[in-house]
Amino acid sequence: MAAEGLSSVALIERDQNGDTLWVWCYPFVTVEMRQLLLRKCRLQEEERPLYTFLYGQHRRIWFYITPTRVDGGGSALDKVTHFCVVLTAKDFNPEKYAAFGQILSRIYETHGSPVPMVETYISVFTKGTCQSKDNGTFLCRDYDQRKAFMSGSVKDVVLQFGMESVILYTALMLKKRIVVYHPKVEALLEFSRSLPALVWHRQDWSILQPYVHLIPDEIDALKSISGYIAGFQEADVINRSDLYDIFVNLAENTISISHSAKEALTLGKLHKEIGQLMVQSAEDSDKTESQVIKRICVKTREILSILSSLSQETADRDRPTLNLEQLQQKKFPPATENFLMHLAAAEQMLLT
């Protein structure tokens, strides 16, 4: 099985003079993406420690960065102190691209030439496999997409925020904008990747933008998306209320709702039930991660079935439309009716 998601491989180096250079890529990376990757790789920031692996998304292209510190002995790179192998792809699968990035890094450090890297890249791109001296056979099929979706921890998210976790759930159900702040990028990645699993029925990790800078180009790209989970290291993002409906200060364990989103995110009895279910499931040490996700998913499907029962087919639309009269006749508590209305809008079941 070929690695159809792969788009490119590239090299960024820092030399003994402290200069960071875009060295090489195959087959092609846009100028805009090059500038972004040079910024993300952090090789230009000599005072900051290297991370082990980093990933993010920009304009629907995922990037995966594997850094290496060159140890003088045994390396063909005598004038290079650090380098990064960068893979771009269309799919979200950090574990797969971290493993492949490590293989390419070892090849480059050993040979000091991108030629064997290209051969290995093409083998994975066309056949979905390559041979590695250190790691044996690398197989794309060993890295199932669902495993990548399950690799975060919903249990940890719920245990960290308790009943407030239902705010995150509600925001995701309504396709709102969530901004997560933490000074450490590793914490951003670990936390943010878990959140889409709260709405497992969608299995949509394209909403994840886990490593964003307050740079005009990146902010413009972010604003082109209607709902997202965006991770920032910059504390100033709290002042950018134009970017979020929910602000998660991961460093201080707080969740805030923006003034403009308070009406849509009014919580009531239904939300309390969901929150209790989430907390009870997460606190149950006998429950696995997948069992916790399944329990939340079952509750979600119950809510969607209510919405479905209050909808009707219309000739001019390809999906059912919420019948507002039937909704009002049900005499739901105001917060529940409000939630169902906004959920219908998020699911494109309201006439506009």
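The name given to the chain in an unreviewed UniProt entry is UDENN domain-containing protein, with the source organism recorded as Staurois parvus. UniProt, in the comment section headed Subcellular location (unreviewed entry), describes the chain in these words: "Late endosome". Recorded under Sequence similarities (unreviewed entry), the UniProt text for the chain is reproduced unchanged: "Belongs to the DENND10 family."

Participant: Tell me about the pairing of strand β12 (residues 254-257), residues and numbers included.
Facilitator: Note: strand β11 (residues 246-249) against β12, four bridges, orientation antiparallel. The partner of N249 across the bridge, within β12, is T254. From the end of β11 to the start of β12, which pair antiparallel, there are four residues, and N253 there has a positive phi angle of about 60°.

Participant: Outline the sheet that holds strand β1 (residues 6-15), listing residues and values.
Facilitator: The five strands are arranged β2-β1-β5-β4-β3 in an open sheet whose pairing can be described as antiparallel. Each of the sheet's edge strands pairs with one partner strand only, and the pair in question is β2 (20-26) and β3 (54-58). Averaged over all pairs of adjacent strands, the angle between their axes in this sheet comes to 20°, without regard to strand direction. When β3 meets strand β4 (residues 61-69), the two strands line up antiparallel, connected through five bridges. Paired with H58 across the two strands is I61, which belongs to β4. Helix-sheet contacts for helix α3 (residues 115-127) involve β1, β2 and β5 (80-89), and the interaxial angle to β1 is about 155°.

Participant: I'd love a proper account of the pairing of strand β9 (residues 208-212), names of residues and values included.
Facilitator: Two faces, one strand: in a regular strand the side chains alternate between the faces of the sheet. Across the five residues that make up β9, a large majority, five, are buried. Pairing geometry for β9 and strand β10 (residues 228-232), over three bridges, is parallel. When the bridges of β10 are listed, V212 appears paired with F232. You can see the chain leave β9, run along helix α8 (residues 216-223) and come back into β10, and the turn it takes is right-handed.

Participant: Run through the pattern of salt bridges, naming residues and quoting values.
Facilitator: Inspection of every chain in the model, using the stated rule, returns 14 salt bridges. Between D284 and K287 there is a salt bridge, and its shortest N-O distance comes to 3.5 Å. Judged by relative accessible area, which is 23%, K287 ranks as partly exposed. With its nearest N and O atoms 3.6 Å apart, the salt bridge here joins E302 to K299. With E302 and K299 both in helix α10 (residues 289-309) and three residues apart, this pair spans about one turn of that helix. Looking at K299, the relative accessible area reads 16%, which means it is buried.

Participant: I'd like a rundown of the sheet that holds strand β8 (residues 177-181), residues and numbers included.
Facilitator: Spatially, five strands are ordered β9-β10-β8-β11-β12 in an open sheet, and the strand pairing comes out mixed. Here the strands that pair on one side only, and so sit at the sheet edges, are β9 and β12. Across the sheet, the mean angle separating the axes of adjacent strands is 20° when strand polarity is ignored. Here β8 runs beside β11; their pairing, made up of four bridges, is parallel. In the sheet register, Y181 faces β11, and the bridge partner there is N249. Against the sheet, helix α7 (residues 185-192) contacts β8, β9, β10 and β11, and its axis sits at roughly 175° relative to β9. The sheet strands contacting α8 are β9 and β10, and the helix crosses β10 at an angle near 160°.

So, how was this worked out
Residues numbered from 1 in each chain as written. Predicted model: local features only at pLDDT ≥ 70, side-chain atom pairs only at ≥ 80, totals over all residues. Heavy atoms only, no water. UniProt positions renumbered as here; feature names shortened; annotations may be inferred. Pairing = 2+ DSSP bridges. Helix = DSSP H or I, 4+ residues; strand = E, 2+ residues; numbered from the N terminus. Axes fitted to C-alpha atoms, helices over the stretch in contact; angles between N-to-C directions. Contact = heavy atoms within 4.5 Å. Buried < 20%, exposed > 50% of the residue type's maximum accessible area, 1.4 Å probe, protein only. Right-handed = clockwise from strand over helix to strand, strands pointing away. Salt bridge = Lys/Arg side-chain N within 4 Å of Asp/Glu carboxyl O.

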